[in-house]
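Now for the letters of each chain:
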Amino acid sequence: MTSTTQLTGRVIFQGDPGYNVARKNWDPRTDRFPKVFVFAQRTKDVVNAIKWARENHVPIRPRGGRHSLEGNFSQVNGGIVIDVSDINHIRLDKVNGTATIGTGNRVGRIAHTLARQGFIMPFGDSPSVGLGILPGGGIGPYQRTTGLISDNLLELEMVDANGKVIRANKSRNADLFWATQGGGGGNFGVYTQYKLKVPPAPANATVFSITWPWDQFEEVFKTWQVWAPAVNDKLGSELSIGPKKGGNVSMLGLFLGPKAEAVRLLTPITSVGTPTKFIQLLPYTQVVRFLLQPDPVLTHPFRSQFSSGFARRPFPEPAIKVMRQFLENIEGKEAGFFFLNWGGAVSRVAPRATAFFWRDPQFYVEWNTSWLKPSESAKNIAIVRNTRQKLQPYIVGSYVNVPDLGIKNPGLAYYGANFFRLRRVKTKYDPDNVFRNPQSIPPLRRP
Ligand SMILES: Cc1cc2nc3c(=O)[nH]c(=O)nc-3n(C[C@H](O)[C@H](O)[C@H](O)COP(=O)(O)OP(=O)(O)OC[C@H]3O[C@@H](n4cnc5c(N)ncnc54)[C@H](O)[C@@H]3O)c2cc1C
């Protein structure tokens, strides 16, 4: 290779010690063999990596926390993976309520660090998810109070396809800023730093974990889908329904308020069936600990196939029948249906105000299978995709951070009416489509 630019940072070529560990992803289904991994220590290493890749005509994939749910989106055969995970500074400005964070951080690290100092970083259901979560939105039990993680973005730093460092906020490169609030990772360049607005944390908040036997799932779900989207905005609820074989129904979440009020607000759902209830007021640092159960990346054994969508209306009986068929036919410790209530701060932002379009649903729905042996992949992928077809009449869109290669028109599914504007932004910042993956935003064709 003839290159004027040298790779800098921690560089691991195929065949070097550490290559196999560098290839690991949360989902072990990844089967790509990049030529080289660059673990950038600072923005300049990202600049050099992009220039080197362009000079040598090598495909690029940015990577952060390795949680891509289509395991190959942040890996590419024969290419360069620009991994930002060592760029992990966290600088809190208590006076202005902002945090400047390296994009290599995992959400759990930020949430714990800020909680200790009295501030909130919203998060979802896994501490080890990286900041690849942010450009796609970032959903979780806080969102009805704080908005999506991306709604809290104030400023970003990104290295573009020419190796140029770009800063964007509401008034500078405002189109890129807009696109980063929901347009998804891997599309425009390599993000290196975000500045976020961080709200003050309460001294205490109430967490809850309620479980029911599996055979009560229909009555629980029917109540949940009407109750959860309408309940007080400070209550976030994640409902999981496992497989018939070995699974149960569980609802995890928080209420940013006192226990007595939480108990009252939860009564419509806790009075269904025969639940086991844990509802507890905890100091805020323990709230974060309670909700973020450990989720290792390098040793996670299960292969998975996910799909997702949004419901604008409660599921009618035929949709619940589809759920039942799925749950009766799948196995696997981590498989099932997952729901999150929408509304509140998420829905107060207009669909076109940021790239995240799906603002008006009642709830988010996700379903997945999980398995151990590669020989079981085809069967498991097929059942997720068939279930998508059957649920299609009852859902809209799909969440870009939970990608599914089976979706035919991913641009419209992920971005709705914002897709065309996103293509214009893509054309401006990456006209040669240097940053691409199987479902990335295509630039508009040149005239
Ligand atoms: C166990 C688990 C739980 C999850 N829970 C939630 C949840 O509660 N809420 C939620 O919203 N999502 C959740 N997700 C989905 C998660 O948001 C996405 O998988 C997200 O893309 C992961 O980001 P990452 O940095 O960890 O992954 P990576 O695999 O490193 O990257 C994912 C994508 O982002 C791109 N990317 C990463 N870093 C950069 C960068 N610096 N610049 C440009 N592009 C970049 C990659 O190219 C790739 O396309 C979960 C995923 C898993 C596996």
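- Looking at an unreviewed UniProt entry, one finds the protein chain named FAD/FMN-containing dehydrogenase, with Marininema halotolerans as its source organism.
- According to UniProt, the comment filed for the protein chain under the heading Cofactor (unreviewed entry) is "FAD".
- According to its UniProt record, the protein chain has this under Sequence similarities (unreviewed entry): "Belongs to the oxygen-dependent FAD-linked oxidoreductase family."

### Here we look at the packing of helix α10 (residues 317-329) against helix α11 (residues 377-391)
- Their axes nearest at 10 Å, the elements α10 and α11 cross at an angle of 170°. Overall, the two elements α10 and α11 adopt an arrangement that is roughly antiparallel. Between α10, through Ala319, Val322, Gln325, Phe326 and Asn329, and α11, the contact on the second element is made entirely by Ile383, Val384, Thr387, Lys390 and Leu391.
- Here the residues of the contact of α10 with α11 sort into six nonpolar, three polar and one charged.

### As for the environment of arginine 66
- Structurally, arginine 66 can be placed in the loop between β3 (60-63) and β4 (80-83).
- In this structure, the C-alpha to C-alpha distance between arginine 66 and glycine 130, residues 64 residues apart in sequence, is 7.0 Å.
- If we ignore the near neighbours within four places in the chain, the residues touching arginine 66 are Val21, Ala22, Lys24, Asn25, Trp26, Phe39, Asp83, Val297 and Leu298.
- Of the polar contacts made by the side chain of arginine 66, one reaches the backbone oxygen of lysine 24; its length is 3.1 Å.

### Overview of the pairing of strand β8 (residues 165-169)
- Note that strand β7 (residues 153-159) and β8 share five bridges and pair antiparallel. Counted as the bridge partner of valine 159 is valine 165 from β8.
- Remark: five residues form the turn of the hairpin made by β7 and β8, two consecutive strands paired antiparallel; glycine 163 in that turn has positive phi of roughly 80°.

### Some words on helix α8 (residues 259-270)
- For α8, built from 12 residues, the straight-helix expectation of 16 Å at 1.5 Å per residue is missed by more than 12%, its first-to-last C-alpha distance being only 14 Å.
- Where α8 is concerned, the buried positions are Ala262, Leu265, Leu266, Ile269 and Thr270. Projected down its long axis, α8 carries its buried residues within an arc of 145°, all on one side. Pointing more than 90 degrees away from the buried face of α8 are the exposed residues Ala260 and Arg264.
- Contacts made by the buried residues of α8 are with β10 (204-213), α7 (217-227), β11 (235-241), β12 (248-255) and β13 (276-283).

### Focus on the sheet that holds β7
- On the basis of which strands lie adjacent, the open sheet formed by five strands has the order β5-β6-β9-β7-β8 and antiparallel pairing. Bordering the open sheet on either side are β5 (90-93) and β8, each of which pairs with just one other strand. Pairs of neighbouring strands in the sheet enclose a mean axial angle of 15°, with direction left out of account.
- As defined by bridge partners, β5 adjoins strand β6 (residues 98-102) across four bridges and the pair is classed as antiparallel. When the bridges of β6 are listed, leucine 92 appears paired with alanine 99.

### Things to note about the environment of valine 263
- By secondary structure assignment, the location of valine 263 is in helix α8.
- Measuring from C-alpha to C-alpha, the distance between valine 263 and threonine 206 comes to 9.3 Å, with 57 residues separating the pair along the chain.

### Observations concerning the site of the ligand
- Among the 32 residues in the neighbourhood of the ligand, the closest are listed as Pro62, Gly64, Ser74, Asp125 and Tyr399.
- Here a nitrogen atom of the ligand and a side-chain polar atom of aspartate 125 are 2.6 Å apart.
- Within the backbone of glycine 130, one N or O atom sits 2.8 Å away from an oxygen atom of the ligand.
- Protein burial of the ligand: of its 950 Å² of free accessible surface, 93% is covered by the chains.
- Every element with two or more residues in the shell around the ligand is listed here: β3 and β9 (190-197).
- Each of two domains, domain 1 (10-83) and domain 2 (90-200 + 417-429), supplies a minimum of three residues to the shell around the ligand.

### Brief notes about the environment of lysine 35
- By the element assignment, lysine 35 lies in the loop between α1 (19-22) and β2 (36-39).
- Judged by relative accessible area, which is 28%, lysine 35 ranks as partly exposed.
- Taking the C-alpha atoms as reference points, lysine 35 and aspartate 93, 58 residues apart in sequence, are found 40 Å from one another.

### What to know about the sheet that holds β3
- Taken in spatial order, the four strands of this open sheet run β1-β2-β4-β3, and their pairing is mixed. Of all the strands in the sheet, just β1 (10-13) and β3 have a single pairing partner and so form its edges. Each neighbouring strand pair of the sheet contributes to a mean axis angle of 15°, computed without reference to strand direction.
- Pairing of β2 with β4 involves four bridges; the strand directions are parallel. When the sheet's bridge partners are listed, valine 38 is paired in β4 with isoleucine 82.

### Overview of the domain arrangement of the protein chain
- Each assigned domain of the protein chain is listed here: domain 1 (10-83), domain 2 (90-200 + 417-429) and domain 3 (204-394).
- Summarising the inter-unit geometry, the C-alpha centres of domain 1 and domain 2 are found 21 Å apart.
- Listed per partner, the contact involves 10 residues of domain 1 and 16 residues of domain 2.
- Buried surface at the junction of domain 1 and domain 2, both sides included, amounts to about 1,000 Å², of which 66% is carbon and sulfur.
- Looking at the side of domain 1 facing domain 2, the largest losses of area belong to Thr43, Ile50 and His67, adding up to 40% of the total buried there.
- At the surface where domain 1 touches domain 2, the tally comes to zero salt bridges.
- Across the domain 1-domain 2 interface, the total number found is four residue pairs in polar contact (both at pLDDT 80 or more).
- Among the residues making up the side of domain 1 that touches domain 2, the classes are represented as five nonpolar, three polar and two charged.

### Quick look at the packing of aromatic side chains
- Evaluation of the coordinates by the stated rule reveals 30 aromatic pairs.
- Arranged with centres 6.2 Å apart and planes meeting at 15°, the rings of tyrosine 415 and phenylalanine 419 form a pair that is stacked. Taken as a pair, tyrosine 415 and phenylalanine 419 share a single burial class, namely buried.
- Site record: aromatic cluster; members linked through ring pairs are Phe221, Trp224, Phe315, Phe326, Phe337, Phe339, Phe363 and Trp367.
- In this structure, arginine 23 is placed above the aromatic ring of phenylalanine 33, and the distance from its NZ or CZ to the ring centre is 3.9 Å.

Definitions and cut-offs
Residues numbered from 1 in each chain as written. Predicted model: local features only at pLDDT ≥ 70, side-chain atom pairs only at ≥ 80, totals over all residues. Heavy atoms only, no water. UniProt positions renumbered as here; feature names shortened; annotations may be inferred. Axes fitted to C-alpha atoms, helices over the stretch in contact; angles between N-to-C directions. Helix = DSSP H or I, 4+ residues; strand = E, 2+ residues; numbered from the N terminus. Parallel < 35°, antiparallel > 145°, perpendicular 65-115°, else oblique. Contact = heavy atoms within 4.5 Å. Nonpolar A, V, L, I, M, F, W, Y, C, P; charged D, E, K, R; others polar. Polar contact = N/O pair within 3.5 Å; in protein donor to acceptor, adjacent residues only side chain to side chain. Pairing = 2+ DSSP bridges. Expected span 1.5 Å × (residues − 1). Buried < 20%, exposed > 50% of the residue type's maximum accessible area, 1.4 Å probe, protein only. Arc of directions from axis to C-beta. Near = heavy atom within 4 Å. Areas by Shrake-Rupley, 256 points an atom, 1.4 Å probe, with all protein chains shown as cover. Domains from an automatic or database assignment. Buried area = accessible area lost by both parts, 1.4 Å probe. Salt bridge = Lys/Arg side-chain N within 4 Å of Asp/Glu carboxyl O. Phe/Tyr/Trp six-rings, centres within 6.5 Å; stacked < 30°, edge-to-face > 60°. Lys NZ or Arg CZ within 6 Å of the ring centre and 35° of its normal.

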